Structure formats: structure tokens, C-alpha cells
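A closer look at the structure
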Amino acid sequence: MDNESLNIDNSTLLRDFNETQPNQEWSPFICYGPSHLPTFKVSLYLNGNRFDGYGSSKKRAKINAIMQYKSFTMNCNADSETNNTIESDKSTLKRNCTFLMENSLLKKNAIESQVAIHQTTEIPVSKKQFEDNLIEYLPSKNLAIEHQVAINQTSAISILHEIFQGQTLTYEHEQSHGLLETISVIVSGNKYIGYGKNKKEAKEIACRNALKSLSKLQSIDNLKYKNQLEMFLTDYGDSKIIDHFAGITDKIYQKLEFTENKFKEYSVIASIIKMTKEDLNSAQVICLATGTKCLSGNYLSLSGESLHDCHAEILTRRCLIKYFYKELMESVKGYPSIFIPDSNKSKFKLAKDITFHLYINTAPCGESRVYSFSDTEHQLNRLSRGLLRSKIENGAGTVSVFGREFQTYDGVAQGERLVTMSCSDKLTRWNVLGLQGNLLSNFVESIYLESISIGSMFNLHHMERTIYGRVENSISQLPQDYKVHKPKLRGYSILPRRSTTQSSYCTNWIVSEGIEIIKGSIGRTIENRLSRVCKTSLANEYIKLCCATNNLLTLIENENKVFYDSLKNKNENYLAAKNELLSTFKSLNFGTWVHKPEELKSFELHVGKESDNIINNSNNQGNES
């Protein structure tokens, strides 16, 4: 009986084998190649021998391993007078593996692909190694095995049902309007949520999360799955945090009330979470935003009334600044706040043990996501690595800034596309200058993100380079209170569903302040009003804070009028840190940071009556002295 008589699609082969060979043992599955065209490998251990199987699915891989066992047995029977040596075993394995390569989907992919153990670990597979079938790529317990990476093992669903036999496990399809499907499983009265690019994957992840959590809470004595449960626990800390952040973000979003369903649809959602003493139970969503495209050049405002960038993470950070202003005013009034007065009454510092964390359901646009899941290597030395990139008006994705270093107001007015720096580059900027921005730096020290969690399209190498790696060894002259900060980076490397449409609307929400819906192309609310997080609105918050603290040196210097650009030019330390960062980008040949036209910054701010009185009194006191 030759190989061709063994039908690789004969599923009864697996069932019959399980019934007749009770002593069989199987290794965990390993996945080769890109996520869109995986190749699975599994090893069968029986009677002191090992038989490797490959296939485009787990079932097919198992059947191939059984076929190798049967071929080996038949050869032994046919040549019973001669003991098979190790070399003959190798020849058999070579012959069967060659057959599989020529008659399955592995043809080219199995030879040229790599072992995708984790996005940070890659082991190339040569043709000789593949044919020999003697080199085992076993995942190390020390590797952080993420939920959705390409290592695949025995189904967590099956393990959960086997361990908790007799208990009814309830699965629910949770509502979600993002990129990922959401499934929950209820075990012993507790709900565990999983996110995936389809329902099947989300269900598997939910069961993995349940096993991880239950293994932490109680001892699960199951020798059969002991190793796999230990592997699940290796990434429990990070995965638990990401899932928790995603869960509390989605929980807030689902409770928001929308007048029309079209306002609720989104592709990207981001949130900033406050924690105390790194206690996950204290995690609170402070603000969130869904994203859409950037402003159309037709709606540029010379008075700071339009939002230029409506991507989710950018809006979320602007919401955080609004939240900072509110908390500072609470502290001024003597109410409980995240800020406490410093020795200098006009300065404040963040209360002890409070940290802020950014969650985005997919990698930010630009440098951190310019790579391919089907790449056979990281290609870290490509010339394009580290370059500044920009979004383009009415376009998707980003492009290099080279060739568009400057933009003018009249040029945009005549039809030139409006250029906005990518979210990846802005994240780099926040990790040097802080989240608080220029104006608030007059009142608080730089506030940095403690961690960044990415829900999909995550690659640790690319993210580290983007956030701090490309500049950390080149910046040398940052002023006091500024640094190249290295937040904790965690994420899932699954490839999200491709979205061909994007909502024209985006939502932002701030705790205790409700929601605001913005039309991205005009940079204003759907009622055509100013957003609460546009330049003018936030600058007015700053003026109120200056007046409330009687800290007018950053507001006026013998001026009767207040202009936005003059306010931002008063903080010399912040400007020095900013210039050092932008000069570093340029010196490394990463490109020139593209600023908005100067005409958009020199608008006058209207100071309220209360502020006018304070300013006039200050001027009078100065004249009397």
C-alpha cells in the first residue's frame, strides 16, 4: 500500500486511530508561516518513536502524522527480516515528508516560512531541516505567548469542558462595534471575555482567559494539560491587563446614548485609564474617543475653532488635557483632586501612585504599523525604518514627510492637501514632552504614560522603535523635568479585519462630562459648534486657571490682548525640549516635523469679564509700583 492510497481527507482515520491506540501522545501544535496562510505541525509519540505531521489545519496535521505512523508500520512489516536502523527511519520520514510537500498546500510555504513563535522570535526553516524532520521547535516557557499569536495548541475550549465536566458552560456573543468580535464564557458564575477577529477565535480566547484566571484562583490538577496550562499562565499578567482595559473601555462605550446608530459605528477606539498603586481593580476610564479621518482643508479655522486631527488616540489625549484642567480647578477650590498644590502655590503635582495608561484597539497609524504580517523577517535595518510619516487629507494611511516639509495657508486654500503628523510620531512626542502639553507645563511637571496597550496589529520591535528607540540614544540636551520615557508596551499581534469603510463621525467622552459627537471633515460638532477640546476651548480653560491661581505672568506681559501663539511661546523649557526632539529627528535623517501654517496659531483669545477684571487690576498694581 503506497502513500497515495492514504487519503489525507479521510477524517475517519483519526477516529479509528484514537480508538485503537490508547497510548498515543501528542505534542502542542506549532504554526509556521504568515497568519493568512498558516501551516500547522504536530508530533505523535508512540511506541518510542516520533512522527511529525504537517497540514493547513490542525486536523490535517494530525492525519498526516498518523499516515507517517502507518507508513512506518507497513515498512516494518514488509521488511521484518531486517531491523530498521535510525537511518532508514530518517529515509522514511524524508520520503513521506516529500510526498506531503508535493501534494498539499505546504508546497512552497513550508520551505520558505518561519516559525512564528512570537512576533519577537523567529526561527527560519530551511529545506534540509524541513526534510529531516528531526529538529523540534518547542516553545519556551519563558516566552510570553500572547492570546492571538501564531502558536496554536490543543483547543482551550476542549480543555475547559474536560476540566469542568458536569458544569454547564454558557457562551454569549457580546455587543461590539469595533474591529474584533467579543465572546464571553460563564464558568462557576464568573464571566470571562475574549476578543478575536472572528467568533471562533474570540470563543477560544475567552476559554483561555477563563483557564488562566481559574488557575490563579485554584489549583487545577490535570497532568494531561499541565504543560499547556503553565504556558497559558506565562502571559497572564499582560493579557489580563489588556483584556481588562478593553473590557472597561467597551463597557463605557456601550452605555453611551446615541441619537442615531451611524454615530456609534467605529473602526478605532482609544481610551486613557487612571490607576492607583498599579492596582488593576482601581482602573478607571477617564476619557475615550473613536476616530475618523482628519480635517478637510476647506474648513481650516484662523481662530482655532476646528479640530485638525480626529484620530482616536489624538482626541483621547485632548480629552485628558480637558480633564486635567477640571482637576486643577478642583484642587484650587480645595476639593479632592488628582493634583495637589506644590510648595509654590501656583504649581501643582500629581498625587502619589496615580498613573495613566493608554489603550488603543489597533496600532497607531504611521511608523508602528508599517510592516507586514507575511514578512519572513523583521527587516529592522530597512532604510525606511524610523522615518517621520504624515496623514494626508482625504487619504487613508500615511506617507513619508520628505517633499512636504512645509505647508502654507494659501497653498491649502488653493487645493494643496492638508498634512497632519501620524499618530505614531505624536506618541513619540508625548513620551518626551509629556501628555500635558505646552500651556499646562506652566502648572504641572511632565506627565507620562505608564503603559500603552494595543489590541491588534502589535509588534514589539516596531513599537519600541517608534515610541522611544529611534531617539533615545541621540537626545542629549533635554531641560530639567523632561526625558525620553519608556512606557510598558503590551499588545496582541493578530491582524484585524480589514475595514473598507470609515465613519464620518467620531465620539469623545470625558468622565462626568458626557459625550460629544464630531464630524471629522469639518472638525466641529454635528451641531456645527466648537468642540470642547479644540484649541480655542482648551486655551480658554488655561486662561481661567491662570486667573483662578492669580498666575498671570504666563498670561500677560504688559499686553492688553491675549494671543494663542504668544501664550505658547512663554514656556522656554517646553520649547527647548520640543526643539531638541525635532532637531534629533532631523539630524538622524528621519525627516522634518511638518507644522500647520503659522496663520492658524496667531489668533486672539477672548477673555471673560472676570478675567478682564483680574488682568486690569494686575496692570494697575504694576503701574502704581
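The structure this text deals with has already been given above.
What this report covers is the structure whose coordinates are included nearby. (Residues numbered from 1 in each chain as written. Predicted model: local features only at pLDDT ≥ 70, side-chain atom pairs only at ≥ 80, totals over all residues. Heavy atoms only, no water.)

**Here we look at the overall build of the chain**
The helix and strand inventory of the chain stands at 18 helices and 24 strands. Residues classed as buried in the chain amount to 54% of the 625 residues present. Long-range contacts, defined as pairs at least 24 residues apart, comprise 65% of the intrachain contacts of the chain with a sequence gap of at least 6. Surface exposure of the chain reaches about 29,100 Å², of which carbon and sulfur atoms provide 46%. (Helix = DSSP H or I, 4+ residues; strand = E, 2+ residues; numbered from the N terminus. Buried < 20%, exposed > 50% of the residue type's maximum accessible area, 1.4 Å probe, protein only. Contact = heavy atoms within 4.5 Å. Areas by Shrake-Rupley, 256 points an atom, 1.4 Å probe, with all protein chains shown as cover.)

**Remarks on the nonpolar core**
Ranked by size, the top nonpolar core spans 86 residues in total, and within it Leu 320, Tyr 323, Phe 324, Phe 356 and Ile 452 carry the most contacts. Broken down by element, the residue count for this core peaks at 10 residues, all from helix α10 (residues 312–332). Ranked by size, the runner-up nonpolar core spans 19 residues in total, among them Val 401, Val 471, Tyr 574 and Trp 593. (Core = buried A, V, L, I, M, F, W, Y, C linked by side-chain atoms within 4.5 Å.)

**Considerations on helix α6 (residues 156–163)**
Residues Ala 156, Ile 157, Ile 159 and Leu 160 constitute the buried set of α6. Projected down its long axis, α6 carries its buried residues within an arc of 165°, all on one side. Regarding α6, its N-cap is Ser 155, as a side-chain oxygen of that residue lies 3.1 Å from the backbone nitrogen of Ile 157 further along. (Arc of directions from axis to C-beta. Polar contact = N/O pair within 3.5 Å; in protein donor to acceptor, adjacent residues only side chain to side chain.)

**Looking at the pairing of strand β11 (residues 284–290)**
Counted residue by residue, β11 has 6 buried out of 7 residues, so it is predominantly covered. Alignment of strand β10 (residues 269–276) against β11, held across 6 bridges, turns out to be antiparallel. What sits directly across from Ile 273, in β11, is Val 285. For β11 and strand β20 (residues 505–510), the ladder comprises 3 bridges, and the chain directions are antiparallel. Directly across from Ala 289, in β20, lies its bridge partner Asn 508. (Pairing = 2+ DSSP bridges.)

**A look at the environment of Ile 193**
On the secondary structure map, Ile 193 appears in strand β9 (residues 190–196). What makes Ile 193 partly exposed here is its relative accessible area of 28%. Expressed as a C-alpha distance, the spacing of Ile 193 and Asn 209, which sit 16 residues apart in the sequence, is 7.2 Å. With residues up to four places along the chain from it excluded, the contact list for Ile 193 reads Thr 182, Ile 183, Ser 184, Ala 206, Asn 209 and Asp 243.

**Quick word on the packing of aromatic side chains**
According to the stated counting rule, one finds 12 aromatic pairs in the structure shown. Ring centres 5.5 Å apart and planes at 80° place the aromatic pair Phe 51 and Tyr 69 in the edge-to-face group. Of this pair, Phe 51 sits in strand β4 (residues 49–55) while Tyr 69 is found in helix α2 (residues 58–78), placing the two residues 18 residues apart along the sequence. An identical accessibility class is assigned to Phe 51 and Tyr 69; each is buried. Summarising the aromatic geometry, the rings of Tyr 323 and Phe 324 are spaced 6.4 Å apart at their centres and angled 45° between planes, so their arrangement reads as tilted. In this structure, Tyr 323 and Phe 324 share a single accessibility class: buried. (Phe/Tyr/Trp six-rings, centres within 6.5 Å; stacked < 30°, edge-to-face > 60°.)

**Some details on unusual backbone geometry**
Backbone geometry at Ser 188 places phi at a positive 55°, although glycine is not the residue there. Note that Ser 188 resides in the loop between β8 (181–187) and β9. Residue Ser 188 is classed as partly exposed on the basis of its relative accessible area, which comes to 47%. Non-glycine residue Asn 528 carries a positive phi angle of around 65°. Inspection of the secondary structure assignment puts Asn 528 in the loop between β22 (524–525) and α15 (535–549).

**With respect to the sheet that holds strand β7 (residues 170–174)**
The strand order across the open sheet formed by 3 strands is β7-β8-β9, and the pairing between neighbours is antiparallel. Since the sheet does not close on itself, it has two edges, and those belong to β7 and β9, each with one partner. Strand after strand, the sheet turns through a mean of 25° between neighbouring axes, direction not considered. (Axes fitted to C-alpha atoms, helices over the stretch in contact; angles between N-to-C directions.)

**As for the pattern of salt bridges**
In the structure shown here, the tally under the stated rule is 13 salt bridges. In this structure, Arg 50 engages Asp 52 in a salt bridge whose closest nitrogen and oxygen atoms are separated by 2.9 Å. Residue Glu 367 pairs with Arg 465 through a salt bridge whose shortest N-O separation is 2.6 Å. Here Arg 465 lies in helix α14 (residues 460–469) and Glu 367 lies in the loop between β14 (354–360) and β15 (389–392), a separation of 98 residues in the sequence. Since its relative accessible area comes to 13%, Arg 465 is described here as buried. Through salt bridges that share partners, Glu 172, Glu 174 and Lys 191 make up one connected network. (Salt bridge = Lys/Arg side-chain N within 4 Å of Asp/Glu carboxyl O.)

**Thoughts on the packing of α10 against helix α12 (residues 423–433)**
Their axes nearest at 9 Å, the elements α10 and α12 cross at an angle of 35°. Only Cys 423, Lys 426 and Trp 430 of α12 make contact with α10, whose side of the interface consists of Glu 313, Ile 314 and Arg 317. When its residues are assigned to classes, the contact of α10 with α12 shows 3 nonpolar, no polar and 3 charged. (Nonpolar A, V, L, I, M, F, W, Y, C, P; charged D, E, K, R; others polar.)

**Observations regarding the sheet that holds β22**
One open sheet accounts for 8 strands, arranged β19-β18-β14-β10-β11-β20-β21-β22; its pairing is mixed. Of all the strands in the sheet, just β19 (488–491) and β22 have a single pairing partner and so form its edges. Pairing analysis gives 2 bridges linking strand β21 (residues 514–519) to β22, with the strands arranged antiparallel. Residue pairing across strands places Ile 518 opposite Thr 525, the latter belonging to β22. This element, α14, spans β18 (449–454) and β19 of the sheet and lies at about 145° to β19.

**Digging into the environment of Arg 50**
Its location among the elements puts Arg 50 in strand β4. Taking relative accessible area as the criterion, Arg 50 reaches 24% and is therefore assigned partly exposed. Remark: the alpha-carbon pair of Arg 50 and Gln 68, spanning 18 residues in sequence, is separated by 9.5 Å. Of note is the side chain of Arg 50, whose polar atom sits 2.9 Å from the side chain of Asp 52.

**Things to note about α14**
Residues of α14 that are buried include every one of His 462, Met 463, Arg 465, Thr 466, Ile 467 and Tyr 468, and no others. The N-capping residue of α14, defined by a side-chain oxygen 3.0 Å from the backbone nitrogen of His 461, is Asn 459.

**Re the state of the cysteines**
For the structure on display, the rule yields 0 disulfides. Left without a disulfide partner, Cys 287 is nearest to the cysteine sulfur of Cys 319, which lies 5.4 Å away. Residue Cys 287 is classed as buried on the basis of its relative accessible area, which comes to 0%. The cysteine Cys 547 is free of any disulfide, with Cys 546 supplying the nearest cysteine sulfur at 6.6 Å. Among the residues examined, Cys 547 registers a relative accessible area of 9% and is labelled buried. (Disulfide = S-S within 2.5 Å.)

Without other data, these values stay purely geometric and don't point to any function.
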